[in-house]
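The primary structure of each chain is shown beneath.
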Amino acid sequence: MSTPALAVATGTDRMLLIETFVRIVEAGSLSAAALQLGGTQPTVSRRLQLLERTLGVRLLQRSTHAIRLTEDGQRCYERARELLATWQSFENDVRGAGEELAGTLRVVAPHAFGQNQFVEPLAQYLRQYPRMRVEWLLHDRVPDFIAENIDCAIKVGAVQDPSVVALKLGEVPRSVMAAPSLLDGGPVPEHPSQLARLPWLALRTFYRNEVSLTHVETGEVSRFEIQPRLSTDGLYALRRAALLGLGVGIASAWALRDELASGRLVQLAPAWRAAPLPVYLIYAPSRLQPARLRRFIEVMREYLPAELRSGTGQD
């Protein structure tokens, strides 16, 4: 005989309740989850309450500004993600997802990363599915997925649009660097206070007039204002300007590897780091995710460069 709590959920798609709960956690709010699911906030709230009654536990603590997982909610979230992955695998098998994919996938990727870090996972996808074609479009803005017929986009940095699904792939470590010529034979600065006096270059997508650095051991945070000699939205332009000795810049560690190893650039205040940038794969919400996109997400997660894997998971 069903318990009263389980009876409440009778006739309800329990997987829908679980998916709604996961989407609430990852979207950060009920209203954002409702946008992604194509429903209303009251509907999403009712589903959450029904799941809590069904399980007999409180999953979320809500305030006017934020939601937070309870201890039971954290356990439920971890198991729910596993369950959804298993269910999706089951659906794939039933739908004949083992069949060879064919067609076109349209992906937007940021300029610098789209020419370097993400090409290897892209190549793996094309090797695994030789009948697939990919349109690899390089720009840094989030596309209108429906109007532009885009399957997904890769974004470096925070995702502001609550109506899209954002899967966190990893994080990009960042370093403070400059050409040795900028130091004019002086010692390498060790503290952020010494950096504030130097000329600066700004990668305006991520910082413009202020720099924030955190000590890797103590967690101390230092912030200071800058007046950049050059502002750009291009990572390669920033790196080239730094190599020419025009100023100090903060850039992705992978883009500086060769220059730092050769001594053409030096890391400044090496015990301090700029906050890493999150890397997301984003797409428009849909109850029926096409197989070409599901497989691309799987490949991206599996073959993401190792140096970006810290902080993997979903936000």
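So, here is what we can say about the structure in this document. All of these numbers come straight from a predicted model, not from anything done at the bench.

## Points about the pattern of salt bridges
Reasoning step 1: A complete count under the given rule lists eleven salt bridges for this structure.
Reasoning step 2: A salt bridge links Glu 52 to Arg 58, with the nearest nitrogen and oxygen atoms 4.0 Å apart.
Reasoning step 3: Between Glu 171 and Lys 168 there is a salt bridge, with the nearest N and O atoms lying 3.0 Å from each other. The residues Glu 171 and Lys 168 share a single accessibility class, namely buried.

## Section: unusual backbone geometry
Reasoning step 1: One non-glycine residue with positive phi stands out, namely Asn 149, at about 55 degrees.
Reasoning step 2: Checked against the element boundaries, Asn 149 lands in the loop between β4 (132-138) and β5 (152-156).
Reasoning step 3: Among the residues examined, Asn 149 registers a relative accessible area of 53% and is labelled exposed.
Reasoning step 4: You will see that Asp 184, though not glycine, has its phi angle at about 55 degrees, which is positive.
Reasoning step 5: Here Asp 184 shows up in the loop between α8 (180-183) and α9 (192-195).

## As for the pairing of β5
Reasoning step 1: Burial analysis of β5 places five of its five residues in the buried class, which makes it a mostly covered element.
Reasoning step 2: Side chains Cys 152, Ile 154 and Val 156 of β5 all project onto a buried face; the interleaved residues Ala 153 and Lys 155 project onto the opposite face, where all are buried too.
Reasoning step 3: Summarising the sheet, strand β3 (residues 103-109) and β5 pair through two bridges and their orientation is parallel. Bridged to Val 108 within β5 is Ala 153.
Reasoning step 4: Note: β5 against strand β13 (residues 272-283), four bridges, orientation antiparallel.

## Some remarks on the environment of Trp 136
Reasoning step 1: One can find Trp 136 in strand β4.
Reasoning step 2: Note: C-alpha distance between Trp 136 and Leu 105 (31 residues apart in sequence) is 8.4 Å.
Reasoning step 3: Every residue in contact with Trp 136, bar those within four places of it in the chain, is listed here: Val 107, Ala 109, Gly 114, Phe 118, Leu 122, Ile 154 and Phe 296.
Reasoning step 4: Side-chain polar atoms of Trp 136 contact the backbone oxygen of Gly 114, separated by 2.8 Å.

## A short note on the packing of aromatic side chains
Reasoning step 1: A complete count under the given rule lists six aromatic pairs for this structure.
Reasoning step 2: Clustering of aromatic rings is evident, with ring pairs tying together Phe 113, Phe 118 and Trp 254.

## Digging into a nonpolar patch on the surface
Reasoning step 1: Among the surface-exposed residues, Leu 230, Leu 244 and Leu 246 lie close enough to one another that they form a single nonpolar patch of about 240 Å² accessible area.
Reasoning step 2: On the secondary structure map, Leu 246 appears in the loop between α10 (235-243) and β11 (249-252).
Reasoning step 3: We classify Leu 246 as partly exposed; its relative accessible area is 34%.

## A look at the packing of helix α3 (residues 30-37) against helix α4 (residues 41-55)
Axes are the key here: two packed helices are described by the angle between their axes and the distance separating the axes.
Reasoning step 1: As a packed pair, α3 and α4 sit with axes 8 Å apart at the nearest point and diverge in direction by 105 degrees. As the angle between them shows, α3 and α4 are arranged roughly perpendicular. Across the interface between the two elements, Leu 30, Ser 31, Ala 33, Ala 34 and Leu 37 of α3 pack against Gln 41, Val 44, Ser 45 and Arg 47 of α4.
Reasoning step 2: Residues that form the contact of α3 with α4 fall into these classes: five nonpolar, three polar and one charged.

Thresholds, definitions, all that
- Residues numbered from 1 in each chain as written.
- Predicted model: local features only at pLDDT ≥ 70, side-chain atom pairs only at ≥ 80, totals over all residues.
- Heavy atoms only, no water.
- Salt bridge = Lys/Arg side-chain N within 4 Å of Asp/Glu carboxyl O.
- Buried < 20%, exposed > 50% of the residue type's maximum accessible area, 1.4 Å probe, protein only.
- Helix = DSSP H or I, 4+ residues; strand = E, 2+ residues; numbered from the N terminus.
- Pairing = 2+ DSSP bridges.
- Contact = heavy atoms within 4.5 Å.
- Polar contact = N/O pair within 3.5 Å; in protein donor to acceptor, adjacent residues only side chain to side chain.
- Phe/Tyr/Trp six-rings, centres within 6.5 Å; stacked < 30°, edge-to-face > 60°.
- Patch = residues over 30% accessible without salt bridge, like charges linked within 9 Å, V, L, I, M, F, W, Y side chains within 5 Å.
- Areas by Shrake-Rupley, 256 points an atom, 1.4 Å probe, with all protein chains shown as cover.
- Axes fitted to C-alpha atoms, helices over the stretch in contact; angles between N-to-C directions.
- Parallel < 35°, antiparallel > 145°, perpendicular 65-115°, else oblique.
- Nonpolar A, V, L, I, M, F, W, Y, C, P; charged D, E, K, R; others polar.

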